[in-house]
Amino acid sequence: MRPKSGLPKRKALRRMPQFRYGFRENPDMAARLNPSLKPTSQRPNSWSVLSMFAGCGGFDLGLLGGFSYLGKDYPVLPFRVVHAYDNDPKTVETYRLNLGHHISEVDLVEADLTEFPPATILTGGFPCQDFSSSGPKVGLAGRRGALYSVMRDYMALHQPAVVVAENVPFLARLHGGKAIQTILEDFRSVGYRFNVWRIFCPDFGLPQSRTRLFLVGVRDGVEGFPAMPTPTHAFQHISIDDAIDDLEDVSDEAIPNQSQYFVATKATKGAGQGDHTSKKGELAYNVRANPKARVHFHYALSRRLTVRECARLQSFPDEFVFPHSASHNILQIGNAVPPIIGHVVGLQLAKFLEAHAAALPRD
Ligand SMILES: C[S@@+](CC[C@H](N)C(=O)[O-])C[C@H]1O[C@@H](n2cnc3c(N)ncnc32)[C@H](O)[C@@H]1O
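Presented here is a report on the structure given in the accompanying data block.

Below, the discussion takes up the sheet that holds strand E7 (residues 121-124). The sheet built from 7 strands is open, its strands ordered E6-E5-E2-E7-E8-E10-E9 with mixed pairing. Two strands bound the open sheet, and with one partner strand each, they are strand E6 (103-105) and strand E9 (192-200). Neighbour-to-neighbour, the strand axes of the sheet open up by a mean angle of 15 degrees, direction not taken into account. Pairing of strand E5 (residues 79-86) with E6 involves 3 bridges; the strand directions are parallel. Bridged to Tyr85 within E6 is Ser104.

So this is what it looks like as structure tokens:
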């Protein structure tokens, strides 16, 4: 039976990815890898990062650097992740497979933050769907009502020098701007100053139309601010076909996750971002965290984009593998900070910390 939308019925291909190595164990990565990801290394002489709501590790990979994407190198940055946290078991599995075992499956609302390690940098892409539509006043004080407050509580307790909270651009408009103001006031109340960076990702080499907000905080008493990054690709956006045109074949897993996709006949009409057909020579549409297969269609072929194509559009290197079903993998990919955007942010943090190295030495 056809669904009510009139669109063709969706079928998931029940293929699971095949791969031999996660990112950090892939022999091709050995020379490029951030040393903190090597099983034997402690990597002193780097700044420590504590990662909340870590997801599959898109932001963390970007901060660490040590990968290449579309032929460009993203060098190792002077950071190490002391610990990461997420409450979704499948997401944690992906993180462990690729970045290592320094992640715990934890509901941060319930966590005892006194047991968390201190760190120079706190990061977190806190989910914002818990804001009540009746206004930001509802339940914001408690952790359950507003997940960002876990980050505030960590700041109050452990006083990281720098904080980066990431979110969707809609946060700036939510409840007429009151939600973001409340969050920033709350963050400031525990001794921080904040700037908001609105980053249009294609201006930094992402082949996808995606904008993200970064709330960048510095502890009171630490002078200055990391500088907002300057676009590197403002007049030279990378198109969808530049990014994925070598990936047409879906018959095998020579590149992991390339045979995983949702079967559907091309939609001739219909609504919903996921049913758009990508256009050759243009940016890809936003890769959404939508486990219901609303993945957009290929610009030249009669199929939706594969999991690997979505990962490419989010700037994951091909060595980073997603071990789950197509639905779970797409969810994790769409949720992530694109690693190359994490790297852009990381570079700015590294420059800032370097300038304050006397007061904030690497540990
Ligand atoms: C937007 S994603 C973060 C993606 C991540 N920044 C990345 O780059 O891959 C938000 C994450 O928060 C996690 N999450 C939601 N509620 C949580 C909770 N109560 N405790 C811990 N993690 C939670 C979700 O599982 C999800 O992976």
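It is worth spelling out the site of the ligand at this point. For the ligand, the set of nearby residues contains 22 residues, the closest of which are Phe53, Gly55, Gly58, Asn87 and Gly125. Among the secondary structure elements, those contributing two or more residues to the shell around the ligand are helix H1 (58-64) and E5. Grouping the amino acids of the shell around the ligand by side-chain chemistry returns 11 nonpolar, 7 polar and 4 charged.

Here the focus is helix H4 (residues 178-188). Within H4, the full set of buried residues consists of Ala179, Ile180, Ile183 and Phe187. Seen end-on, H4 carries its buried residues on one side only, within an arc spanning 95 degrees. The elements touched by buried residues of H4 are helix H3 (148-158), E9 and strand E10 (211-219).

With that settled, consider the packing of H3 against H4. Relative to each other, H3 and H4 sit at 15 degrees, their axes nearing to 9 Å. By the angle class used here, H3 and H4 are roughly parallel. Note that H3 runs across H4; the crossing there is right-handed. From H3, Tyr148, Ser149, Arg152 and Met155 reach across to H4, where they touch Ile183, Asp186 and Phe187. Here the contact of H3 with H4 is composed, by residue class, of 4 nonpolar, 1 polar and 2 charged.

Residues three or four positions apart in an α-helix share a direction because the helix packs 3.6 residues into each turn. Where helix H2 (residues 89-99) is concerned, the buried positions are Thr91, Val92, Thr94, Tyr95, Leu97, Asn98 and Leu99. Against the buried residues of H2 lie H1, E5, E6 and helix H7 (326-335). Positive backbone phi, approximately 125 degrees, marks Gly100, located one or two places after H2.

Residue Phe53 is not a glycine yet carries a positive backbone phi of 50 degrees. Mapping Phe53 onto the fold places it in the loop between strand E2 (47-52) and H1. For His175, which is not glycine, the phi dihedral falls at a positive 55 degrees.

Reading the values: rules and limits
Residues numbered from 1 in each chain as written. Predicted model: local features only at pLDDT ≥ 70, side-chain atom pairs only at ≥ 80, totals over all residues. Pairing = 2+ DSSP bridges. Helix = DSSP H or I, 4+ residues; strand = E, 2+ residues; numbered from the N terminus. Axes fitted to C-alpha atoms, helices over the stretch in contact; angles between N-to-C directions. Near = placed C-beta within 6 Å. Nonpolar A, V, L, I, M, F, W, Y, C, P; charged D, E, K, R; others polar. Buried ≥ 20, exposed ≤ 12 C-beta atoms within 10 Å, placed from the backbone. Arc of directions from axis to C-beta. Contact = placed C-beta atoms within 7 Å. Parallel < 35°, antiparallel > 145°, perpendicular 65-115°, else oblique. Left-handed = near helix turned anticlockwise from the far one by under 90°.

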